[in-house]
Amino acid sequence: MAKGTRQKLKLILLAQLLLEQTDEEHPLSTGALIAALERQGVAAERKSIYSDMEYLALSGMDVQLRRDGGCRGWFVGERQFQLPELKLLVDAVQSSRFLSQRKSRELIRKLERLTSVHQAQELQRQVYVSGRVKTMNESIYYHVDQIHTAVHNRQSITFRYFDYDFRRRKIYRHGGKLYQVQPYGLIWNSENYYLVALDEESGQIRHYRVDKMSGIALCGSPRREEMGNFDLAAYGQKHFGMYHGPEITVTLRAENRMSSVIFDRFGQDVIAIPDGENHFTVQIPLVMSPQFFGWLFGLEERVQIAAPEEAAAAYRARLEAAMAQYR
């Protein structure tokens, strides 16, 4: 590239140097910036650096000059993402089961580029992906994008649904049958992504784990059904671990000290009614499933099913079946 052309890149190269190499604890002196530019074939003088910094500041970059102590020089102050925010994003990426180890590392490397090379080392120290339980389906990252596209464009999708056997081989449900559904949205529940959709064959609303979907394809026809007042958040809250079962409204009687547990699980909007000095009751619409009974069992005698009797009877039957296995 001609020398004159390189010179026109001066501001761009300066911006890159500042974004990649500096932060409040690691400024670059004017001399260091001049030397770095010369290594890239761009001549600069001390007076021109000050002028360039003014132009970068006018463009919106938070360029600051540190004058105190032995660490003097230029650095980028406010960034689009601050280090604590990037740490939160890295934690979310590395703890997500629906992302494979390889995709987690790729995303974290991209997040590291949003800060200086010095602060990126702090992000690297947080990365402990290898010991986490991660999905084996590498395609989920792109499946989520396809589903969002289908929801936005109001299109149906087709896919095949599978499980893994004990040898980690894919076993397709219904002999590899092609499912066709009208997607309503995605729910992140129990560390997995789920698609909530209307099954076109049965006419029922169902959900599917996205990492167990294969060969997703968008259909040309627009979605026919309207969502109406369908509430995705309420749907996810009713399903413990996204297990299927009959929908029912259950009255739970709990000790007062369990109020935080109830509010954490069902939200702050549930109405708690005092029941004596030491207890309260709540009415909760939910899907009665083994996962709900497992949650209830973990709370021992502190939370009980007060009504309806069919729910209490189903719980007793589940407990008796478990006891029978260990007699």
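Computed from a predicted model, the values in this text were never measured in an experiment.

Visitor: Summarise the environment of Lys10; cite the residues concerned and give the values.
Guide: The topology assignment puts Lys10 in helix α2 (residues 10-21). Relative accessible area serves as the criterion here: at 10%, Lys10 is assigned to the buried category. Sequence separation between Lys10 and Leu37 is 27 residues, and the spatial gap between their C-alpha atoms is 7.5 Å. For Lys10, the contacting residues outside a window of four places in its chain are Leu37, Val42, Ala43, Ala44, Ser48 and Asp52. Reaching out from Lys10, the side chain makes a polar contact with the side chain of Ser48 at a distance of 2.8 Å.

Visitor: Please provide a residue-by-residue account of α2, values included.
Guide: Given a rise of 1.5 Å per residue, 12 residues ought to cover 16 Å, and the 16 Å separating the end C-alpha atoms of α2 matches this to within 8%. Of the residues making up α2, those classed as buried are Lys10, Leu13, Leu14, Ala15, Leu17 and Leu18.

Visitor: Go over the packing of α2 against helix α4 (residues 46-58) with me, naming the residues and quoting the values.
Guide: Remark: α2 packs on α4, axes separated minimally by 11 Å, with the N-to-C direction vectors making an angle of 80°. If you check the angle between α2 and α4, you find them roughly perpendicular. Facing α2, whose interface residues are Lys10, Leu11, Leu14, Ala15 and Leu18, α4 presents Ser48, Ile49, Asp52, Met53, Tyr55 and Leu56. Per-class residue counts for the contact of α2 with α4 are eight nonpolar, one polar and two charged.

Visitor: Please give an account of the nonpolar core that cites residues and values.
Guide: In this structure, Ile147, Ile157, Phe159, Leu195, Tyr208, Val210 and Met213 are the most contacted members of the largest nonpolar core, which totals 27 residues. Looking at this core, the elements with two or more residues in it are α5 (83-95), α6 (101-112), α8 (140-153), β3 (155-164), β5 (179-189), β6 (192-199) and β8 (213-222). Not counting chain neighbours up to four residues away, the residues in contact with Phe159 comprise Lys177, Leu178, Tyr179, Val181, Tyr208, Met213, Ser214, Gly215 and Ile216. With 24 residues, the next largest nonpolar core counts Val250, Leu252, Leu286 and Ala312 among its residues.

Visitor: Describe in detail the packing of aromatic side chains, supporting the description with residues and values.
Guide: In this description, a pair of aromatic rings is defined by centroid distance and the angle of the planes. Applying the stated rule across the entire model yields 14 aromatic pairs. Between Phe162 and Tyr164, the ring centres sit 5.4 Å apart and the planes meet at 85°, which makes this aromatic pair edge-to-face. Relative accessible area serves as the criterion here: at 0%, Phe162 is assigned to the buried category. For Tyr164, a relative accessible area of 28% corresponds to the partly exposed category.

Visitor: Describe the layout of surface pockets, naming the residues involved and giving the relevant values.
Guide: Roughly 440 Å³ of volume is contained in the largest pocket. In terms of lining residues, the largest pocket is bounded by 20 residues, among which Tyr161, Arg173, His207, Met242 and His244 are the most central. Contributions of two or more residues to the lining of the largest pocket are made by β3, β6 and β7 (205-209). Considering only residue class, the lining of the largest pocket consists of six nonpolar, seven polar and seven charged. Volume-wise, the second largest pocket comes out at about 220 Å³. Together, 15 residues line the second largest pocket, and Asp23, Glu24, Val76, Gly77 and Gln119 are the ones closest to its centre.

What counts and what doesn't
Residues numbered from 1 in each chain as written. Predicted model: local features only at pLDDT ≥ 70, side-chain atom pairs only at ≥ 80, totals over all residues. Heavy atoms only, no water. Helix = DSSP H or I, 4+ residues; strand = E, 2+ residues; numbered from the N terminus. Buried < 20%, exposed > 50% of the residue type's maximum accessible area, 1.4 Å probe, protein only. Contact = heavy atoms within 4.5 Å. Polar contact = N/O pair within 3.5 Å; in protein donor to acceptor, adjacent residues only side chain to side chain. Expected span 1.5 Å × (residues − 1). Axes fitted to C-alpha atoms, helices over the stretch in contact; angles between N-to-C directions. Parallel < 35°, antiparallel > 145°, perpendicular 65-115°, else oblique. Nonpolar A, V, L, I, M, F, W, Y, C, P; charged D, E, K, R; others polar. Core = buried A, V, L, I, M, F, W, Y, C linked by side-chain atoms within 4.5 Å. Phe/Tyr/Trp six-rings, centres within 6.5 Å; stacked < 30°, edge-to-face > 60°. 1 Å grid on protein atoms, 1.4 Å probe; cavity = no way out; pocket = protein on both sides within 12 Å on 5 of 7 lines; lining within 4 Å. Points joined across faces, edges and corners; volume = space filled by probe spheres on them.

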